[in-house]
Amino acid sequence: MLNASMPIAMAPPEVGFSSVLKMSGALFFILAMLLLAFYILRRLNLGGTFSPLRSRDLQVVERLPLGPRQNITVVKYRGQDLVLGVTQDRITLLQTRDEVNGKDDKKFAGILKKETSGSADS
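Here, residues in each chain are numbered from 1, in the same order as that chain's written sequence. pLDDT decides what is reported in this predicted model: residues at 70 or higher carry local features, side-chain atom pairs at 80 or more are listed and counted, and totals for whole chains, interfaces and linings draw on all residues regardless. Values reported for side chains reflect all heavy atoms of the structure, with hydrogen atoms and water molecules removed beforehand.

### As for the overall build of the protein
Phase 1 of the analysis: Counting its secondary structure elements, the protein contains 2 helices and 4 strands.
Phase 2 of the analysis: The way it works is that DSSP assigns letters per residue, a run of H or I at least four long becomes a helix, a run of E at least two long becomes a strand, and they are numbered from the N terminus. Starting at the N terminus, the α and β elements of the protein follow one another as α-β-β-β-β-α.
Phase 3 of the analysis: Burial classes: relative accessible area under 20% of the type maximum marks a residue as buried, over 50% as exposed, and values in between as partly exposed (1.4 Å probe, protein chains only). Taken across its 122 residues, the protein has 11% of its residues classed as buried.
Phase 4 of the analysis: Any pair of residues with heavy atoms lying within 4.5 Å of one another is described as a contacting pair. Sequence-distant contacts in the protein: of pairs separated by 6 or more residues, those separated by 24 or more amount to 7%.
Phase 5 of the analysis: We get accessible surface area from the Shrake-Rupley algorithm with a probe of 1.4 Å; when it comes to residues, only the shown protein chains can shield them. Approximately 11,200 Å² of the protein is accessible, and the part contributed by carbon and sulfur atoms is 62%.

### Examining the sheet that holds strand β2 (residues 70-77)
Phase 1 of the analysis: DSSP-based pairing: two strands are paired if at least 2 bridges between them are found. A sheet is described by the order of its strands in space; here 4 strands give the open sequence β1-β2-β3-β4, paired in antiparallel fashion. Here the strands that pair on one side only, and so sit at the sheet edges, are β1 (58-67) and β4 (91-98). Averaged over all pairs of adjacent strands, the angle between their axes in this sheet comes to 20°, without regard to strand direction.
Phase 2 of the analysis: By the bridge criterion, 7 bridges tie strand β3 (residues 80-86) to β4 in an arrangement that is antiparallel. Across the sheet, the residue bridging to Val-83 is Gln-95, located in β4. Here an axis means a line fitted to C-alpha atoms, over the contact stretch when the element is a helix, while the angle between two N-to-C directions is reported on a 0 to 180 degree scale.

### Considering unusual backbone geometry
Phase 1 of the analysis: In this structure, Arg-78 is a non-glycine residue whose phi angle is positive, near 50°.
Phase 2 of the analysis: Its place among the elements puts Arg-78 in the loop between β2 and β3.
Phase 3 of the analysis: Accessibility expressed as a relative area gives 61% for Arg-78, which makes it exposed.

### As for the environment of Val-74
Phase 1 of the analysis: Mapped onto the elements, Val-74 comes out in strand β2.
Phase 2 of the analysis: Linking Val-74 and Leu-94, residues 20 residues apart in sequence, is a C-alpha distance of 9.8 Å.
Phase 3 of the analysis: Ignoring anything within four residues of it in the chain, the contact list for Val-74 reads Gln-59, Val-60, Val-61, Glu-62, Asp-81, Leu-82 and Val-83.

### Brief notes about the pairing of β2
Phase 1 of the analysis: Of the strand pairs in this sheet, β1 and β2 are connected by 8 bridges, and their pairing is antiparallel. Considered in β2, the bridge of Leu-64 is made with Ile-72.
Phase 2 of the analysis: Where β2 lies against β3, 7 bridges are found, and the strand directions are antiparallel. Directly across from Val-74, in β3, lies its bridge partner Val-83.
Phase 3 of the analysis: Between the antiparallel neighbours β2 and β3 lie 2 residues, among them Arg-78 with a positive phi of about 50°.

### So, a nonpolar patch on the surface
Phase 1 of the analysis: Side chains of Leu-27, Phe-29, Ile-30, Leu-31, Met-33, Leu-34, Leu-36, Tyr-39, Ile-40 and Leu-44 sit close together on the surface and give an oily, nonpolar patch of about 1,000 Å² of accessible area.
Phase 2 of the analysis: By the element assignment, Ile-40 lies in helix α1 (residues 17-43).
Phase 3 of the analysis: Of the residues examined, Ile-40 reaches a relative accessible area of 40% and is grouped as partly exposed. Put simply, a patch holds well-exposed residues, over 30% relative accessible area, that have no salt bridge, with like charges counted together within 9 Å and Val, Leu, Ile, Met, Phe, Trp or Tyr side chains within 5 Å. Any Lys or Arg side-chain nitrogen located within 4 Å of an Asp or Glu carboxyl oxygen qualifies as a salt bridge.

### Points about the side chain of Thr-73
Phase 1 of the analysis: The topology assignment puts Thr-73 in strand β2.
Phase 2 of the analysis: The class for Thr-73 is buried, based on a relative accessible area of 6%.
Phase 3 of the analysis: Excluding residues within four positions of it along the chain, Thr-73 makes contact with Val-60, Glu-62, Arg-63, Leu-82, Val-83, Leu-84 and Val-86.

So this is what it looks like as structure tokens:
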């Protein structure tokens, strides 16, 4: 006695070219999304936060963009603040300052402001 509501037998799924193509497309899409996420993390400089082996001696404190590929960057390295001029072709050390000398902050900011406003020609 067979009940009409019970399925008699289910056929195994057919494995054909279309199902293989769908599976490969889905795999390609997932890999493309992973690569895109990795690229975005690298461009936003967020990829370094996931690396536990990274040394904490070098730290970017602040970045001031001056042009499309030019900026002034303050980097902290082993207790010193380094002011770097960064262009597409080179990196130039503009000034160093010990972290301990906190009282010359106004002088440092004045020099930085003077350098950024005076170098508009180059």
